[in-house]
Amino acid sequence: MQRFGLSMLLFWGCCLLVALVGVLHTVFNICVLKMTPMDAHSMGEGYERTKPWITLIYLAIFLGPSAGFFLRAAF
């Protein structure tokens, strides 16, 4: 329980990082790759092409630092 604060800090830091990477990926798709932005009928091609990658971004960001932290705490 003594490392609860640090684990919460890592958790929320990773959540913010995932959100930031998702937003930047969508902006990249719209601005650089010239995909359609959001309109009245859909979220747009830029966002739709980003959605499948969000799960992989979560895994990469959470499993990296979090796994190392919890492995160090366990041993």
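A brief report on the enclosed structure follows. No experiment lies behind these values; they were computed from the predicted model shown. (Residues numbered from 1 in each chain as written. Predicted model: local features only at pLDDT ≥ 70, side-chain atom pairs only at ≥ 80, totals over all residues. Heavy atoms only, no water.)

**Thoughts on helix α1 (residues 4-31)**
Taking 1.5 Å of rise per residue, 28 residues should cover 40 Å, and α1 covers 40 Å from first to last C-alpha, within 8% of that figure. Listed in full, the buried residues belonging to α1 are Ser-7, Cys-14, Cys-15, Val-18, Gly-22, Thr-26 and Asn-29. (Helix = DSSP H or I, 4+ residues; strand = E, 2+ residues; numbered from the N terminus. Expected span 1.5 Å × (residues − 1). Buried < 20%, exposed > 50% of the residue type's maximum accessible area, 1.4 Å probe, protein only.)

**Looking at unusual backbone geometry**
Non-glycine residue Lys-34 carries a positive phi angle of around 60 degrees. In this fold, Lys-34 is placed in the loop between α1 and α2 (45-74).

**Notes on the nonpolar core**
Cys-14, Cys-15, Val-18, Ile-57, Ile-61 and Phe-62 form the largest nonpolar core, which has six residues in total. Once residues within four sequence positions are removed from consideration, Ile-61 is found in contact with Cys-14, Leu-17, Val-18 and Val-21. (Core = buried A, V, L, I, M, F, W, Y, C linked by side-chain atoms within 4.5 Å. Contact = heavy atoms within 4.5 Å.)

**A word on the state of the cysteines**
Across all of its chains, the model carries zero disulfides by this definition. In this model Cys-14 remains outside any disulfide bridge; the closest cysteine sulfur is found in Cys-15, 7.3 Å from its own. Looking at Cys-14, the relative accessible area reads 5%, which means it is buried. (Disulfide = S-S within 2.5 Å.)

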